[in-house]
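Here is what each chain is made of, one letter per residue.
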Amino acid sequence: MALVAGVDSSTQSCKVVIRDGETGRLVREGRAAHPAGTEVDPAAWWTALQEAITAAGGLDDVEAISVAAQQHGMVCLDAGGDVVRPALLWNDTRSAGDADELIGELGDADAGPKAWAQAIGTVPVASFTITKLRWLARNEPENAKRTAAVCLPHDWLTWRLAGSTDLAALTTDRSDASGTGYWSPSSGEYRPDLLARAFGATPLVPRVLGPTESAGKTSTGAILGAGAGDNAGAALGIGAKAGDIVVSIGTSGTVFGVSVTATNDPSGAVAGFADATGHFLPLVCTLNAARVLDATATILNTDAAGLASLALSAPAGAGGLTVVPYLEGERTPNRPNATGAIHGWRLANSTPAHIARAAVEGMLCGLADGLDALIAQGVKVERLLLIGGGARSEAVRRIAPSVFGLPVLVPSPGEYVADGAARQAAWALTGGSEPPQWEIGPSETYDAEPVPAVRERYAEVREFTASVR
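Residues numbered from 1 in each chain as written. Predicted model: local features only at pLDDT ≥ 70, side-chain atom pairs only at ≥ 80, totals over all residues. Heavy atoms only, no water.

Colleague: Tell me about helix 11 (residues 304-313), and please be specific about residues and values.
Modeller: Among all positions in helix 11, only Gly306, Leu307, Ala308 and Ala311 are buried. As for helix 11, its buried residues are in contact with helix 10 (290-299), helix 12 (352-376) and helix 13 (394-404). (Buried < 20%, exposed > 50% of the residue type's maximum accessible area, 1.4 Å probe, protein only. Helix = DSSP H or I, 4+ residues; strand = E, 2+ residues; numbered from the N terminus. Contact = heavy atoms within 4.5 Å.)

Below you can see the structure in the form of structure tokens.
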């Protein structure tokens, strides 16, 4: 029985799962916390990874390991391989103005976004690595000058697991490279011209591996898989295929689907990413997802279960109360400096239950807008799957179909990003033409009558924030 390990180095924590490489059976697992914030020393990720590996019983008997991690994070390395400055994470919005500037440099309000979408499948926003590099060059020129290589969180962790100090040994994969802003999913090549435009130089970037290629070996001889961005890892972990749309409710909210063709949306709503199998992963991301539920529970002095119970005790539409959940700005729509808002507050809906219901509906409406954007790009919807920590809420599961207007399939709770990394590790070990076929746990289908008024009212009040940038 060959054992494989999968790592999910997310914003909030590091999870390690060790599975049977043939069947996918979970053997053991471990986790450790990450520090909060949008700017983090990568050393904290390494420490957490070591703690999670120890909690999972170590890697001595593991034959392959792969790392999936949060996308877009800017990790700058000097010529000796040392980290230049703390990494700026995907949810750091300080480079919003730099994103606007880069778009404008390729054309006017229409031509600029179209040129970027054609070049890299995506219109840059503050989340992307390329905008953070422009910010670094402008605001910390000495650190920019020291930067000899730039990579992403999963690239850096994989490199460390290989025990390398050679910058030329840095590797990445298609899915994570597609979120940098200087790699094209459609051509499969870097765009050094765009990197130089943003940064004023062309630092070394990781070699992009194919889905089954190896990044080397660990000190114990385990094969290192190519790795993946977190959403591509989740898609692989859940076994998503063309026609599946996945709604993942974690720190951020994402709506993505597997596609056999690349997308390029000049509106900027849909990011034309690659996946971890050789296909594509058009994706819409919101900055505000499960944390909206956490914040609302705190306000109402309750826990997750209490919030769900309150929300389900209120009527659909929350009596006209609508929450626009831009608690930390927003990525889709691109309003990095916006704030959250409550609309339609009246005496009749001034209850904890109505507030709870409005928070759940508002969060889901933002994700439903993402679903609409994917459909507009021609992405097919045959199944709608709901995963992530937020999907464990009974209120989210039961209210989601009424907001999305479709039945929702909820797989059994799992660490799907780490599972996808483990499945990729098993694939690298066998070298087959397809990833191993692991059985996914039981799923439950939720259905409800659509309530169009919820989406309509949300669309009306959402535009009140349009001028807040």
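Back to the text.
Colleague: Any chance you could break down the state of the cysteines for me, citing the residues and the numbers?
Modeller: Joining two cysteines, a disulfide is a covalent bond between their sulfur atoms. Under the defined criterion, the tally for this structure stands at 0 disulfides. Free of any disulfide, Cys14 has its nearest neighbouring cysteine sulfur in Cys151, separated by 16 Å. Residue classification places Cys14 among the buried positions, given a relative accessible area of 0%. Take Cys285: it sits in no disulfide, and the sulfur closest to it among the cysteines is that of Cys365, at 17 Å. Given a relative accessible area of 5%, Cys285 falls into the buried group. (Disulfide = S-S within 2.5 Å.)

Colleague: Please give an account of the nonpolar core that cites residues and values.
Modeller: Within soluble globular proteins, side chains that are nonpolar generally end up buried alongside one another. By size, the foremost hydrophobic cluster in this structure holds 47 residues, and its most contacted members are Ile130 and Leu133. Here this core gets 5 residues from one element, more than from any other, and that element is helix 9 (residues 230-238). Not counting residues within four places of it along the chain, the set of residues in contact with Leu133 comprises Met74, Cys76, Val150, Tyr182, Leu195, Ala198 and Phe199. By size, the runner-up hydrophobic cluster in this structure holds 43 residues, among which are Ile249, Ala290, Ala338 and Ala356. (Core = buried A, V, L, I, M, F, W, Y, C linked by side-chain atoms within 4.5 Å.)

Colleague: Residue-level account of the pairing of strand 23 (residues 408-411), with values.
Modeller: Of the two faces of strand 23, the one carrying Val408 and Val410 and the one carrying Leu409 and Pro411 are both buried. The pairing of strand 23 with strand 24 (residues 443-446) spans 4 bridges and is classified as antiparallel. Paired with Val408 across the strands is Tyr446, a residue of strand 24. (Pairing = 2+ DSSP bridges.)

Colleague: An account of the packing of aromatic side chains is needed here, citing residue identities and associated values.
Modeller: Two measures describe an aromatic ring pair: the distance that separates the ring centres and the angle between the ring planes. This structure, assessed with the given rule, holds 3 aromatic pairs. Seen from their ring centres, Phe128 and Phe273 are 6.1 Å apart, and the 40° between their planes marks the pair as tilted. In this pair, Phe128 sits in the loop between helix 3 (111-120) and helix 4 (129-139) while Phe273 sits in strand 18 (residues 271-274), placing the two residues 145 residues apart along the sequence. Among the residues examined, Phe273 registers a relative accessible area of 2% and is labelled buried. Geometry around Trp135 places Arg94 over its ring, the cationic atom sitting 4.9 Å from the centre. (Phe/Tyr/Trp six-rings, centres within 6.5 Å; stacked < 30°, edge-to-face > 60°. Lys NZ or Arg CZ within 6 Å of the ring centre and 35° of its normal.)

Colleague: An account of the packing of helix 11 against helix 13 is requested, with residue identities and associated values reported.
Modeller: Between helix 11 and helix 13, the least distance of the axes is 8 Å, while the angle of their chain directions is 35°. Residues Ala308, Ala311 and Leu312 of helix 11 form the contact with helix 13, whose own contacting residues are Glu394, Ala395, Arg398 and Ile399. The class makeup of the residues in the contact of helix 11 with helix 13 is 5 nonpolar, no polar and 2 charged. (Axes fitted to C-alpha atoms, helices over the stretch in contact; angles between N-to-C directions. Nonpolar A, V, L, I, M, F, W, Y, C, P; charged D, E, K, R; others polar.)

Colleague: Break down the pairing of strand 17 (residues 253-257) for me, with residues and values.
Modeller: Of all 5 residues making up strand 17, 5 are buried, and the element is well covered by its neighbours. The side-chain alternation of strand 17 yields two buried faces, one formed by Gly253, Val255 and Gly257 and the other by Thr254 and Phe256. Pairing geometry for strand 16 (residues 244-249) and strand 17, over 5 bridges, is antiparallel. Each bridged residue has a counterpart across the sheet, and for Val246 the counterpart in strand 17 is Phe256. In sequence, strand 16 turns back onto strand 17 through a hairpin of 3 residues. In this structure, strand 17 lies alongside strand 19 (residues 280-286), joined through 4 bridges in antiparallel fashion.

Colleague: Lay out the layout of surface pockets with the relevant residues and their values.
Modeller: One number sums up the size of the largest pocket: a volume of about 940 Å³. What lines the largest pocket is a set of 46 residues, among which Ser248, Ile249, Gly250, Gly388 and Gly389 lie closest to the centre. For the lining of the largest pocket, the per-class residue count stands at 17 nonpolar, 18 polar and 11 charged. Approximately 420 Å³ is the volume found for the second largest pocket. Along the wall of the second largest pocket there are 31 residues; nearest its centre are Ser267, Arg331, Thr332, Pro333 and Asn334. Among the elements of the structure, helix 2 (96-105), helix 12 and helix 15 (452-462) are those that each provide at least two residues to the lining of the second largest pocket. Here the lining of the second largest pocket gets 7 residues from one element, more than from any other, and that element is helix 12. The residue makeup of the lining of the second largest pocket, split by class, is 15 nonpolar, 9 polar and 7 charged. (1 Å grid on protein atoms, 1.4 Å probe; cavity = no way out; pocket = protein on both sides within 12 Å on 5 of 7 lines; lining within 4 Å. Points joined across faces, edges and corners; volume = space filled by probe spheres on them.)

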